[in-house]
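Take a look at the letters that make up each chain.
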Amino acid sequence: METAQPHAGVHIENVSKSFGPEGARTLVLNHVSLSIKMGEFVSVIGPSGCGKSTLLKTVAGLIDADSGTVMVDGMTVKAATKNKMIGLVPQSPALLPWRTVLDNVRLPMRVNPKANANRNLRDPREILESFGLGAALDKYPGQLSGGMQQRVAIARAFVFDPSVLLMDEPFSALDEMNRDAQRLGLLDFWQSNRKAVMFVTHSVPEAIMLSDRIVVMGAHPGHIAEVIDVPLPRPRTIDVYATDEFRDLEGHVRETLREVMGQKSA
Amino acid sequence: MSTTDTSALAVQSATSATGRRFSPLASAKFKQNLRWTNWAPAVITFVIAAALWQITAIANPYVIPTIDQVWVSLIKDADTYWANMLVTGLEVLVGASSGIIAGFILAIIMAEFQVMERAVMPLVVVVMVTPIVAIAPALVVAFGFGMTPKFIVTALVVFFPMLVNSLAGLRDVDDRALDVMKTLHASRWEIFRDLRFTGSMPYVFAGLRIALPLAIVGAAVAEFVAAGQQAGLGSLVTIAAAQANLPVTWASIALLCFMGVVLISLLALVRKRVLWWSDGAAVGR
């Protein structure tokens, strides 16, 4: 999967989706278009009900759009999942409690093995060690803290070398201090394994810290209100939080979110 | 990960390591279970119940036997009781295992093919609301006084709780783990193999806890209506009761009860080995 491919990354075009029974359908996504280049980290932020999770699930192939197209590396989502090109990190770690950490991370290799050919599969042991989980390989998920469990889930998504990584508020269940450590760890790892990342979050600082671009979505119906560039230099460290640029960006994103929420009540 | 980060992780992993399957923690728990405050209350209850029984039995010699009468009968006719217990045990073993396997397999079919649930479940419900006590004599007419009707009755009573519990277990998968499997384009078989099968085990064991005592009920009921040559503890109860032989009646009842206790204890042991991951804190959900 070369970075030079013209179609590399995620291309969402004019996607609409409604839910509910015939006659009482609610529009959840209204003509949403978004492209995530190979190696680009894009966060999606917005109030509850703005359809950000629905958008992520559409890219993951878990939900079919009513109209519009989603392409991953120039393929339909269906073809992309068949080739195991999409790594998903769900909101909860969703590990199998009866398998060791190592066997949980091996799972993506075991499943749909046809798609294992011609790809750069990672060594599960190595990836877990680089995530600071070298001592936990033979432990069971129930013996790990929430933060460690979530890191195992991220390792599980990286291990089979997908081209796109989808993360649905992966750190939302952690406490603030733990969350910072997890963000930096993720950033560190992604720095040397550039995937196209779509990262759904509720947290403004988290979005700025991690992303190249922040997509602010509004609700009723879900739409993209604004796309904000984050020109902060990489690699980023914890010091970024203290810079003026960070604070300006934070102000900008919050302002946009306020506008989006205001529209809703108007 | 940066160095500072890793050191923080080391601390974290040291504190969160709560031990493995058979850790010192587990043996500490075992010792705690042996403490007298844990077992003494139950023992006291049993002693009081036995004393009340004995007093009642002495006051009403034609209603219930005394415990020592039952004990004497058990020792004196140990061979007869043993032979009858083997018969009932065989009925329970064969009947229950076929009912358990059939229930689990049908649950898998229903979980994988919804149309099968819609097609077969109503029939299953109709059979299950029919009182087993009423079915048993009819089965004897159909299959004679041999073991067959006893196997069938025992399997029937076990089947339903197994089916319903297994079906619930196979359906109750972690939705998010399922999402991960779907983005990997996992086949139905792979989802069953890696997610549903083991995931259903807590429900399967809950079903077994209901089903195994029922298996003894099934075997005993089948023997009541079809004593036959092969006897069994159930027929021993009916025959002895008809002769007003109180010690034999109650000795047989006690042995049926003992079989149930053994089954449930074995189940608890197996459950501990198989389901160690499902006890305690919610994992990954």
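This is a predicted model, so every value here is computed, not measured. (Residues numbered from 1 in each chain as written. Chains lettered and ligands numbered in written order. Predicted model: local features only at pLDDT ≥ 70, side-chain atom pairs only at ≥ 80, totals over all residues. Heavy atoms only, no water.)

Draft legend 1. Highlighting the packing of helix 12 (residues 233-242) of chain B against helix 13 (residues 246-274) of chain B. Residues and elements named next belong to chain B. One can describe the packing of helix 12 onto helix 13 by two numbers: an axis separation of 8 Å at closest approach and a directional angle of 160°. Classified by the angle between their axes, helix 12 and helix 13 sit roughly antiparallel to one another. At the point where helix 12 passes helix 13, the crossing takes the left-handed sense. Residue-level contacts link Leu 233, Leu 236, Val 237, Ala 240 and Ala 241 of helix 12 to Val 248, Thr 249, Ser 252, Ile 253, Leu 255, Leu 256 and Met 259 of helix 13. A class-by-class count of the residues in the contact of helix 12 with helix 13 yields 10 nonpolar, two polar and no charged. (Axes fitted to C-alpha atoms, helices over the stretch in contact; angles between N-to-C directions. Helix = DSSP H or I, 4+ residues; strand = E, 2+ residues; numbered from the N terminus. Parallel < 35°, antiparallel > 145°, perpendicular 65-115°, else oblique. Left-handed = near helix turned anticlockwise from the far one by under 90°. Contact = heavy atoms within 4.5 Å. Nonpolar A, V, L, I, M, F, W, Y, C, P; charged D, E, K, R; others polar.)

Draft legend 2. Main features of the nonpolar core. Ile127(A), Leu128(A), Leu166(A), Leu186(A), Ile208(A) and Ile214(A) are the most contacted members of the largest nonpolar core, which totals 133 residues. In terms of residue count, helix 11 (residues 201-225) of chain B provides more of this core than any other element does, 12 residues in total. Filtering out sequence-adjacent residues up to four positions away, Ile127(A) remains in contact with Val105(A), Arg122(A), Ala155(A), Phe158(A), Val159(A) and Phe189(A). (Core = buried A, V, L, I, M, F, W, Y, C linked by side-chain atoms within 4.5 Å. Buried < 20%, exposed > 50% of the residue type's maximum accessible area, 1.4 Å probe, protein only.)

Draft legend 3. Structural detail: the domain arrangement of chain B. All names here are of chain B. Parsing chain B into structural domains produces domain 1 (26-62) and domain 2 (65-278). Taking only C-alpha atoms into account, the centre of domain 1 sits 28 Å from that of domain 2. In this complex, domain 1 contributes seven residues to the contact, which on the side of domain 2 involves six residues. Across the domain 1/domain 2 interface, buried area totals approximately 520 Å², and carbon plus sulfur atoms make up 66% of it. Across the contact surface, domain 1 and domain 2 share three residue pairs in polar contact (both at pLDDT 80 or more). (Domains from an automatic or database assignment. Buried area = accessible area lost by both parts, 1.4 Å probe. Polar contact = N/O pair within 3.5 Å; in protein donor to acceptor, adjacent residues only side chain to side chain.)

Draft legend 4. Examining empty space enclosed by the protein more closely. All chains considered together, the criterion is met by one cavity of 30 Å³ or more. Of the volumes computed, that of the largest cavity is approximately 50 Å³. Sorting the residues of the lining of the largest cavity by element identifies strand 6 (86-89) and helix 5 (146-158) of chain A together with helix 9 (175-183) of chain B as the ones contributing at least two each. At three residues, the largest contribution of residues to the lining of the largest cavity is made by strand 6 of chain A. Classifying every residue of the lining of the largest cavity by side-chain character gives seven nonpolar, two polar and one charged. (1 Å grid on protein atoms, 1.4 Å probe; cavity = no way out; pocket = protein on both sides within 12 Å on 5 of 7 lines; lining within 4 Å. Points joined across faces, edges and corners; volume = space filled by probe spheres on them.)

Draft legend 5. Seen up close, the domain arrangement of chain A. All names here are of chain A. Taken domain by domain, chain A comprises domain 1 (38-64 + 75-85 + 163-266) and domain 2 (95-161). Taking only C-alpha atoms into account, the centre of domain 1 sits 23 Å from that of domain 2. Facing the 17 residues of domain 1 at the interface are 21 residues of domain 2. Of all residues in domain 1, Lys 84, Gln 182 and Phe 189 give up the largest surface area on contact with domain 2, accounting jointly for 47% of the area buried on that side. Where domain 1 meets domain 2, there are one salt bridge. Note that Asp 161 is salt-bridged to Lys 195, the shortest N-O span being 2.5 Å. The element that contributes the greatest number of residues to the side of domain 1 that touches domain 2 is helix 6 (residues 176-192), accounting for four residues. For the side of domain 1 that touches domain 2, the class distribution of residues is eight nonpolar, six polar and three charged. (Salt bridge = Lys/Arg side-chain N within 4 Å of Asp/Glu carboxyl O.)

Draft legend 6. The pairing of strand 4 (residues 67-72) of chain A, seen in detail. All names here are of chain A. Where strand 1 (residues 10-19) lies against strand 4, five bridges are found, and the strand directions are antiparallel. In the sheet register, Ser 16 faces strand 4, and the bridge partner there is Ser 67. Sheet topology places strand 4 next to strand 5 (residues 75-76); two bridges connect them, and they run antiparallel. By the bridge assignment, Val 72 is partnered in strand 5 with Met 75. Between the end of strand 4 and the start of strand 5, which pair antiparallel, lie two residues, with Asp 73 showing a positive phi angle near 50°. (Pairing = 2+ DSSP bridges.)

Draft legend 7. Spotlight on the packing of aromatic side chains. All names here are of chain A. On inspection of all chains with the given rule, the structure shows 13 aromatic pairs over all chains. Here a set of aromatic residues connected by ring pairs shows up, and it is made of Phe 41, Phe 171, Trp 190 and Phe 199. We note Arg 194 situated over the ring of Trp 190; from NZ or CZ to the ring centre the distance is 4.2 Å. (Phe/Tyr/Trp six-rings, centres within 6.5 Å; stacked < 30°, edge-to-face > 60°. Lys NZ or Arg CZ within 6 Å of the ring centre and 35° of its normal.)

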